[in-house]
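Chain by chain, the residues:
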Amino acid sequence: MIYFLRGKVALVNEDSIVLDVRDVGYEMLVSHIDEYQLDEEVFVYTYNVVREDDNYLVGFKTLEEKNVFLSFDLINSLTFLELLELSKSPVLLHDEAVF
């Protein structure tokens, strides 16, 4: 599993970025896409989602976002990223995410 990546943003798509890490491009879904700028050096926590018919990386600016994501294993990854988009920073109360 890839825990984090550090590199330059090579491409910004509608809901994903491509991070150039030593000449290897890693595409990952991210929330708050407007916070990523081309050629910006960024540090991103990652989670590799592996399903029967899919395999993709999800990127997080903070470890807190990643931990909240991991606690929501019953919902779709894209749905979770959309929820993060609604809130700049989820607040954790009693081990539950409040948006």
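Note that this is a predicted model, so its numbers are computed, not measured.

Colleague: Quick question: what am I supposed to make of helix α1 (residues 63-71) here?
Modeller: Each full turn of the α-helix corresponds to 3.6 residues, which orients residues three or four apart in the same direction. Among all positions in α1, only E65, K66, V68 and F69 are buried. The arc that holds the buried residues of α1, viewed along the axis, is 165°, so those residues lie on one side.

Colleague: Could you clarify how one ought to interpret the environment of M1 in this entry?
Modeller: Secondary-structure assignment places M1 in the segment before β1 (4-12). Considering only alpha carbons, one finds M1 and V49, 48 residues apart in sequence, at a separation of 9.7 Å.

Colleague: Mind showing me how you'd approach unusual backbone geometry here?
Modeller: In this structure, D23 takes a positive phi of about 70° despite not being glycine. You can see D23 is positioned in the loop between β2 (16-21) and β3 (24-30). Look at D23 and you get exposed, because its relative accessible area is 74%.

What counts and what doesn't
Numbering of residues starts from 1 in each chain and follows the order in which that chain's sequence is written. Restriction of local features to residues with pLDDT of at least 70 applies here, the model being predicted, together with a cutoff of 80 or more for giving and counting side-chain atom pairs; totals for whole chains, interfaces and linings are based on all residues. Processing note: side-chain calculations cover all non-hydrogen atoms of the structure and skip hydrogens and water entirely. Partly exposed residues are those whose accessible area sits between 20% and 50% of the maximum for their type, while under 20% is buried and over 50% is exposed, using a 1.4 Å probe and protein chains only. Going along the chain from the N terminus, every DSSP run of H or I of four or more residues is numbered as a helix, and every run of E of two or more is numbered as a strand. As used here, the arc belongs to the directions running from the helix axis to the C-beta atoms.

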